[in-house]
6 protein chains.
Amino acid sequence: MSRIDGRNPGQMRPVVISGGVNPYAEGSAICAFGQTKVLCTASVEQGAPRFLEGAGQGWITAEYAMLPRATHTRTGRDHAQAGRAKEISRLVGRALRAAADLAALDGYTIRIDCDVLVADGGTRTAAVSGGWVALALALRGLGLQPPRQVMALSAGRVDGRLLVDLCYAEDSSAELDLNMVLAADGQLIEIQGTGERGVFSPEELMELIAISRQAAGDIVAAQLAAVNGPAR
Amino acid sequence: MSRIDGRNPGQMRPVVISGGVNPYAEGSAICAFGQTKVLCTASVEQGAPRFLEGAGQGWITAEYAMLPRATHTRTGRDHAQAGRAKEISRLVGRALRAAADLAALDGYTIRIDCDVLVADGGTRTAAVSGGWVALALALRGLGLQPPRQVMALSAGRVDGRLLVDLCYAEDSSAELDLNMVLAADGQLIEIQGTGERGVFSPEELMELIAISRQAAGDIVAAQLAAVNGPAR
Amino acid sequence: MSRIDGRNPGQMRPVVISGGVNPYAEGSAICAFGQTKVLCTASVEQGAPRFLEGAGQGWITAEYAMLPRATHTRTGRDHAQAGRAKEISRLVGRALRAAADLAALDGYTIRIDCDVLVADGGTRTAAVSGGWVALALALRGLGLQPPRQVMALSAGRVDGRLLVDLCYAEDSSAELDLNMVLAADGQLIEIQGTGERGVFSPEELMELIAISRQAAGDIVAAQLAAVNGPAR
Amino acid sequence: MSRIDGRNPGQMRPVVISGGVNPYAEGSAICAFGQTKVLCTASVEQGAPRFLEGAGQGWITAEYAMLPRATHTRTGRDHAQAGRAKEISRLVGRALRAAADLAALDGYTIRIDCDVLVADGGTRTAAVSGGWVALALALRGLGLQPPRQVMALSAGRVDGRLLVDLCYAEDSSAELDLNMVLAADGQLIEIQGTGERGVFSPEELMELIAISRQAAGDIVAAQLAAVNGPAR
Amino acid sequence: MSRIDGRNPGQMRPVVISGGVNPYAEGSAICAFGQTKVLCTASVEQGAPRFLEGAGQGWITAEYAMLPRATHTRTGRDHAQAGRAKEISRLVGRALRAAADLAALDGYTIRIDCDVLVADGGTRTAAVSGGWVALALALRGLGLQPPRQVMALSAGRVDGRLLVDLCYAEDSSAELDLNMVLAADGQLIEIQGTGERGVFSPEELMELIAISRQAAGDIVAAQLAAVNGPAR
Amino acid sequence: MSRIDGRNPGQMRPVVISGGVNPYAEGSAICAFGQTKVLCTASVEQGAPRFLEGAGQGWITAEYAMLPRATHTRTGRDHAQAGRAKEISRLVGRALRAAADLAALDGYTIRIDCDVLVADGGTRTAAVSGGWVALALALRGLGLQPPRQVMALSAGRVDGRLLVDLCYAEDSSAELDLNMVLAADGQLIEIQGTGERGVFSPEELMELIAISRQAAGDIVAAQLAAVNGPAR
């Protein structure tokens, strides 16, 4: 039995990442997972934040936000969903800091802005995956080593079946919702799993991680194409 | 003597408007004036705002905002530029209300969101021009008459020369900065002129209006193409 | 056919400006256009804002606000009308910066506060006109040259007739609403015109500017009387 | 030894209250204690607040604020002094609720706005005293009985001497600062005393209350003159 | 006729103060007046606030807040009661500054946080009384002299009877509500009295002060026990 | 090699949960994991939130906050840590909704407030564990079935060793930080793991889950003792 959009359980939606889409940003990308589309920019600023003064390292921070009509019905700009957005901003920042050599960034702060243009599920994972491309282009512009390749994808249990890269329709009826940040070699950087309707077992968790590692190959390839394609 | 980007004084930058770019919004468009790029969506909601209860008419309102890295250097999401954004939001709302038959909209509120992806001067005029396309597509979806065609463009005096559609480099050294909302027949709907560095005469004002009416033809054509092209 | 309050189309309401009304402010004035009454103070502070550091010039900024019961019905202090107030604050600031020699102000910031005590139309133009008096008195106190004389007034089309200095009753039924900042010699510093109900032609715009330049004489005279009268 | 402005210890500054100063408000007054000047308006609104639904009574509430340049140096509009202003707003509201027959007000909320135009000490007491005039005029307009007459004044110990109605210079060096709300017959409605620099005895408190009751006569007279003079 | 909880008119509820309850704070206490329970911490920070720069003294400031369910029904965390909390914060700060030698504190700011765990009337007085213990422990840790002993308690008129230390049930039907800050020798530091339902006489005020001075002995003893008991 | 406080890798700190600590709340508990101490209250309110109207179910929501001096150095009340607190509030709410039969709660909203009195690591897990006790007591008061027993604990990798229930000193040097919400039968309800310094493998994840399920027994026992002990 195939999925709502005809995919196999372990199959990503089409992954398309375009680098260098903003003429001003030091790094930028639009990352699409099917209809989901996130615009990511990396802004390089002189100086590290105050809490790092004298620590001999730079900083990477992220902000995630949705345009008001990224969703099926319009969401107001203020406050609405503010808690969720903060939480995802923190996730993206952690993931990209884990990718970079912060000591080499000493004296710089890189701000990653992830603005969701269209939200059809998996926006936080597209934000991490596209944000990595923006970061990689910015580091190249600074003459620094490329960051460790990281990406993110979602998985979950829907009607008892284990699936990767849930679209909105699947996500809204999922019994278990899992988001992972992975390194290119399949190691875990972050994992967040929630039993939205009931519990789950460690074995299900293992199985979802396994099929996600497989599916991540599509993202790895799209990221490399974007970074090695024509940057600004 | 040609302009910084080779244009004649009365020449628009390339105007490209794509309609139907958002799969959820009732109307949408990306409007580009050269590098400047604004994403506009129209969201149709049931019910008019409270101050119109019983007035027998609907409402159109607009919100204008910049993505943090739409500009040469990043601008924080909060507060920054909040006064300017409010002012432009009000301008866009007035312009599009002037275009529509609010009585025919009775029972509806249409929210126009204009989010600046790239800002190279003239963002408010691109917001009005693209917002009109989003509005026109939304009205068509409601089975209503198309709105009166309106668009906006900027003009100004730079180094003593009268120019239309200033890019950022021109705008930042302009002595006189003028924004106009025009109907397709050249009548005025709104005009805002500021002597940024010194004064200006009524005669200069007339001349700027005259060359702007000429240049507006490019916007008229691009709007019609977007509305009559493949909407969602 | 005379106007609602018996005036001719090109006639200002009585203009009364009293200077030196606040014992602490470096400059102050109450500016009345008919019933409309705005209290303006100029506060001189040491130091220029951050974005001007090293620029060799000072700064003038303005804040416009309404007392809660300046209007027919009470308006809450918070948020209400915040967008409109910001927009007018920016207008007043631009107008007064255009009047002053900012280089001579190096090392100072002057804050102009315009608080509307009674609002019967034209409050932003009374704020500019009274703000100029407060500024002129403050500059005199600093031993600087007087600023270029600027003032503001409104005009509009009501029931097809072109009028200056609209009172609230006229303003709320105006088809075209125009606000101008003028220099004493009639040159334009700022113009904002909105077709509230329909469009307007460049010729109407010219005619309104012409009758406004005439009417501005009353404001010029009242400003000079206030500045040359007994300051604090 | 006379006071800084030549007064005797138990002598008020000149008390001048003008009623009916705002053309829109249901009641209004400007109350001056010497240089201190507070504009008070009473706005009558239909309906009582939610927490009084079904209680068979109306409500009176107050808001106190300072214009930015009411003080020797300018104070920003936001947040600054917000705690102090809230505290005084609550005091004024309590004092005026104590004066009125809330049951007779059933179905109404009266909002008293007290905006300080010039602050030379005693602004909260001028706000209560002027607010009462605005309230009395508003009640008369509703055809209700006049409120119990209440007023407020300050007192304190300065350099060991007990004084009434402290001006700013006295207040800022006071060792004991006392504010009272009194009924016309001298009974107490509210008392707030603070040993700003050291302690005070119950006996000193009694003495200050006694001289304040004497001095209150000037306020009683000015209030009656304002209420019985030409209202709007 | 005894009180609702069996006390005599001049009798405090049981006063229990535990010092050193927080392992991190430089001083801390839980102060209970009957069911009312307030957690107080003193945080010592380097540096005085900006307005004291160069003044040769330190500063003490306080913040008072209620946990959402300190009250019979839950109160939201935001804004709700914000005015009241600010007012009490200011009261606690003033009382503790009056207790300390600010010159000896030069170079330090001490922040007293008073968080109400359970509110059964008299929370502000328990905050002052417990805050003093936290302050005293913090000063001892700095090797400074102990502060002048201060405490606070409430009193009032309920059904015509004069009572001390009102519990919530008494407080909510009080005709006169009085809060006092006292020194250990019975001198007054602050007094706040409000006729919630009608007026009161100077003689009643004197009588309430007299019985409160008596009752304060219980607080004096509990404070000393807490300070001299096992601090952290 | 034992841990910083002498524990074995799989050993919880002493778990002490006291139920019924607040006289007003429908359910309450203080949950201590070693020095960490969180006060939890459950407030039962009539009516479900708007988004559930007509859905035939009730709602449970949570708010998590820290007292300013819960931490080693004081944290300001506003904004500071707001993103983190929102994130944890959402976690606690999800965990407790997963425990309850929301259909049986139809017509009610239960608000769980978790206020951290002392923070020595693991505050979010103590909040879930204590919040469950407060919830269980509130449901009992409503005459409803007890909720499914859920609890939370942390685990992590520190210096290469896998440990449960990290204290602050361990947490701040952890390479991998894992928080779990578990049912009493060991099934997973939520899992959040972050490689703070580097990556981790699925096998390490499994091992941490396994030792955490063992350690959870201490929490299970303390929760049952609190629920079955003397409630308010």
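Bear in mind the structure is a predicted one, so any value in this text is a computation, not a measurement.

How each quantity is defined
Residues numbered from 1 in each chain as written. Chains lettered and ligands numbered in written order. Predicted model: local features only at pLDDT ≥ 70, side-chain atom pairs only at ≥ 80, totals over all residues. Heavy atoms only, no water. Helix = DSSP H or I, 4+ residues; strand = E, 2+ residues; numbered from the N terminus. Salt bridge = Lys/Arg side-chain N within 4 Å of Asp/Glu carboxyl O. Buried < 20%, exposed > 50% of the residue type's maximum accessible area, 1.4 Å probe, protein only. Polar contact = N/O pair within 3.5 Å; in protein donor to acceptor, adjacent residues only side chain to side chain. Contact = heavy atoms within 4.5 Å. Least-squares fit on C-alpha atoms with pLDDT ≥ 70 in both. Pairing = 2+ DSSP bridges. Axes fitted to C-alpha atoms, helices over the stretch in contact; angles between N-to-C directions. Buried area = accessible area lost by both parts, 1.4 Å probe. Nonpolar A, V, L, I, M, F, W, Y, C, P; charged D, E, K, R; others polar. Expected span 1.5 Å × (residues − 1). Bend = angle between axes of the 7 residues up to and from the residue. Phe/Tyr/Trp six-rings, centres within 6.5 Å; stacked < 30°, edge-to-face > 60°. UniProt positions renumbered as here; feature names shortened; annotations may be inferred. Parallel < 35°, antiparallel > 145°, perpendicular 65-115°, else oblique. Left-handed = near helix turned anticlockwise from the far one by under 90°. pLDDT = per-residue confidence, 0-100.

Q: I tried to follow unusual backbone geometry on my own but got confused; where do I start?
A: A negative phi holds for most residues other than glycine; trans holds for most peptide bonds. One non-glycine residue, E:Asp165, lies in the positive phi region at around 50°. With respect to the element layout, E:Asp165 can be found in the loop between β7 (161–164) and α3 (168–171).

Q: What is the right way to look at the pattern of salt bridges in this model?
A: If charged atoms from side chains of opposite charge come close, those side chains can pair. If you walk through the whole model with that rule in mind, you get 102 salt bridges over all chains. In this structure, F:Asp165 and F:Arg13 form a salt bridge, with 3.1 Å as the shortest nitrogen-oxygen distance. Here F:Asp165, found in the loop between β7 (161–164) and α3 (168–171), pairs with F:Arg13, found in the segment before β1 (15–19); they are 152 residues apart in sequence, far enough to count as distant. The residues F:Asp165 and F:Arg13 share a single accessibility class, namely buried. Salt bridges sharing common partners tie together A:Arg3, A:Asp5, A:Arg7, A:Arg13, A:Asp120, A:Asp165 and A:Glu170.

Q: Even after reading the chapter, I still don't get the side chain of A:Ser154, so can you show me in this structure?
A: Residue and element names in this part refer to chain A. Mapped onto the secondary structure, Ser 154 falls in strand β6 (residues 150–158). Here Leu 166 takes part through its backbone nitrogen, which lies 3.2 Å from a polar atom of the side chain of Ser 154. Apart from residues no more than four positions distant in its own chain, Ser 154 is found in contact with Thr 125, Val 164, Asp 165, Leu 166, Leu 178 and Asn 179.

Q: Hey, could you run me through the environment of E:Leu205 in this one?
A: Looking at the secondary structure, you find E:Leu205 in helix α4 (residues 202–228). The spatial distance from the C-alpha of E:Leu205 to the C-alpha of E:Leu178 is 8.6 Å, given a sequence separation of 27 residues. Each residue touching E:Leu205, except ones within four places of it in the same chain, is listed here: D:Leu188, D:Ile191, D:Leu205, D:Met206, D:Ile209, E:Leu178, E:Ile191 and E:Phe200.

Q: Sorry, what's going on with the relation of the copies chain B and chain A here?
A: For the pair of chain copies, the relating transformation is a rotation about an axis with a translation along it. With an RMSD of 0.0 Å, the fit of chain B onto chain A corresponds to turning through 180° and sliding 0.0 Å along the axis. Within this description, the copies of the chain are treated as partners about a two-fold rotation axis. Measuring from the rotation axis to each C-alpha of chain B, the shortest distance belongs to B:Leu67, at 4.7 Å. Counting the interface residues of chain B, we find that 100% of their copies in chain A are interface residues as well, pointing to one common contact surface.

Q: Which parts of the structure should I look at to understand the sheet that holds strand β1 (residues 15–19) of chain C?
A: Backbone-to-backbone hydrogen bonds join strands into a sheet, with any given pair of strands oriented parallel or antiparallel. Residues and elements named next belong to chain C. Reading across from one edge, β1-β2-β3-β5-β4 is the order of the 5 strands in this open sheet, with mixed pairing throughout. Two strands close off the open sheet at either side, each with one partner strand: β1 and β4 (59–66). Along the sheet, successive strands turn relative to each other by an average axial angle of 15°, direction set aside. Sheet strands touched by helix α1 (residues 82–99): β4 and β5 (108–118). Its angle to β4, the strand with the most contacts, is close to 145°.

Q: Looking at this structure, I do not really get the interface of chain A and chain F. What am I missing?
A: The interface of chain A with chain F comprises 24 residues on the first partner and 24 residues on the second. At the boundary of chain A with chain F, total buried surface from both sides reaches about 2,500 Å², with 59% on carbon and sulfur atoms. Among the residues of chain A in contact with chain F, A:Glu87, A:Leu188 and A:Val199 are the three that bury the most area, contributing 22% of the side total. Counting every contact that joins chain A to chain F gives 2 salt bridges. The tally of links from chain A across to chain F stands at 10 residue pairs in polar contact (both at pLDDT 80 or more).

Q: What is the right way to look at the interface of chain B and chain A in this model?
A: Accessible area lost on assembly of the parts is the figure often given for the size of an interface. Each partner contributes to the interface: chain B provides 30 residues, whereas chain A provides 30 residues. Buried surface at the junction of chain B and chain A, both sides included, amounts to about 2,300 Å², of which 48% is carbon and sulfur. It is B:Tyr24, B:Arg69 and B:Arg74 in chain B that bury the most area against chain A; as a group they hold 36% of the surface buried on that side. Here chain B and chain A share 12 salt bridges between them. We note a salt bridge from A:Arg77 to B:Glu63, for which the minimum N-O separation is 2.7 Å. Our count for the contact surface shared by chain B and chain A stands at 20 residue pairs in polar contact (both at pLDDT 80 or more). Grouping the amino acids of the side of chain B that touches chain A by side-chain chemistry returns 14 nonpolar, 6 polar and 10 charged.

Q: Help me understand α4(E) in this model?
A: Because each turn of an α-helix spans 3.6 residues, side chains separated by three or four positions end up pointing in the same direction. Along its 27 residues, α4(E) runs 39 Å from first to last C-alpha, staying within 8% of the 39 Å computed at 1.5 Å per residue. By the largest-angle criterion, E:Gln214 marks the main kink of α4(E), which is about 30°.

Q: Help me understand the packing of aromatic side chains, please; the structure alone is not making it clear to me.
A: Aromatic ring pairs are described here by two measures, namely the spacing of the ring centres and the angle between the planes. Residue and element names in this part refer to chain C. Summed over all chains, the structure comprises 6 aromatic pairs over all chains. Ring centres of Phe 51 and Trp 59 lie 5.0 Å apart, and the angle between their planes is 90°; on these two criteria the pair is classed as edge-to-face. Among the residues examined, Phe 51 registers a relative accessible area of 56% and is labelled exposed.

Q: Before we go on, may I ask you to explain the relation of the copies chain A and chain F in this structure?
A: Take chain A, turn it by 180°, move it 0.0 Å along the axis, and it overlays chain F with an RMSD of 0.0 Å. Comparing interface residues between copies, 100% of those in chain A also lie at the interface in chain F; the contact surface is shared.

Q: Would you mind going over the sheet that holds strand β4 (residues 59–66) of chain B with me for this structure?
A: Residue and element names in this part refer to chain B. Judged by pairing direction, the sheet is mixed, and its 5 strands sit side by side in the order β1-β2-β3-β5-β4 without closing on themselves. The sheet is open, and its two borders are formed by β1 (15–19) and β4, each paired with just one other strand. Averaged over all pairs of adjacent strands, the angle between strand axes in this sheet comes to 15°, irrespective of strand direction. The pairing of strand β3 (residues 36–46) with strand β5 (residues 108–118) spans 10 bridges and is classified as antiparallel. Residue Val 44 lies in a different strand from β5, and its bridge partner there is Ile 110. Sheet strands touched by helix α1 (residues 82–99): β4 and β5. Its angle to β4, the strand with the most contacts, is close to 145°.

Q: Teacher, can you tell me more about the UniProt feature "binding site: phosphate" (unreviewed entry) in chain A here?
A: Residue and element names in this part refer to chain A. Within this numbering scheme, the UniProt entry marks Arg 84, Gly 122, Thr 123 and Arg 124 as carrying the feature "binding site: phosphate" (unreviewed entry). Look at the named residues: they lie 41 residues apart in sequence, but the longest C-alpha span between them is just 13.5 Å, so in the fold they bunch up. Considering the arrangement of structural elements, one finds Thr 123 in helix α2 (residues 123–141). Taking the relative accessible area as the measure of exposure, Thr 123 reaches 5% and is therefore buried.

Q: Can you walk me through the UniProt feature "domain: Exoribonuclease phosphorolytic" (unreviewed entry) in chain A in this structure?
A: Feature annotation in UniProt assigns "domain: Exoribonuclease phosphorolytic" (unreviewed entry) to the following positions: residues 11–138 and 150–214 of chain A. For residues 150–214 of chain A, helix accounts for 26% and strand for 45%, while the C-alpha atoms at its two ends are 14 Å apart.

Q: Would you explain the side chain of E:Arg74 in this entry?
A: Within the secondary structure, E:Arg74 sits in the loop between β4 (59–66) and α1 (82–99). In this structure E:Arg74 comes out as buried when scored by relative accessible area, which is 17%. At 2.5 Å, the side chain of E:Arg74 and the side chain of F:Asp113 are in polar contact. Those residues in contact with E:Arg74 that sit more than four places away from it in its chain are E:Pro68, E:Arg69, F:Ser43, F:Glu45, F:Glu63, F:Arg111 and F:Asp113.

Q: Is there a simple way to think about the arrangement of the chains in this case?
A: Over all C-alpha pairs, chain A and chain C never come within contact, reaching a minimum spacing of 14 Å. In this view chain C stays clear of chain F, with the nearest C-alpha atoms of the two still 20 Å from each other.

Q: Can you help me understand the packing of α2(A) against helix α4 (residues 202–228) of chain A in this one?
A: What describes two packed helices is the angle between their axes and the distance between those same axes. All names here are of chain A. The N-to-C vectors of α2 and α4 enclose an angle of 30°; their axes lie 10 Å apart at closest approach. Classified by the angle their axes make, α2 and α4 are roughly parallel. Crossing handedness for the pair α2 and α4: right-handed. Between α2 and α4, the contacting residues are Ser 129, Trp 132, Val 133, Ala 136, Leu 137 and Arg 140 on the first element and Ile 219, Gln 223, Ala 226, Val 227 and Asn 228 on the second. Residue composition of the contact of α2 with α4, grouped by class: 7 nonpolar, 3 polar and 1 charged.

Q: Got a minute to help me understand the pairing of β5(B) in this structure?
A: Within a regular beta strand, the side chains point alternately toward one face of the sheet and then the other, so they alternate between its two faces. Residues and elements named next belong to chain B. Across the 11 residues of β5, 9 count as buried, placing the element largely inside the fold. By the bridge criterion, 8 bridges tie β4 to β5 in an arrangement that is parallel. Of the residues in β5, the one forming a bridge with Ile 60 is Ile 110.

Q: Sorry if this is basic, but what is going on with the environment of C:Lys86 here?
A: If you trace the backbone, C:Lys86 turns up in helix α1. Take C:Lys86: its relative accessible area is 48%, and that puts it in the partly exposed class.

Q: Looking at this model, I keep getting lost on the confidence of the model for chain A. Mind explaining?
A: In low-pLDDT regions, the fine details of the predicted coordinates are not to be read closely. Summarising the model, chain A shows a mean pLDDT of 94, and 97% of its residues fall at 70 or more. Interface confidence for the predicted complex, expressed as ipTM, amounts to 0.93; the pTM equals 0.88.

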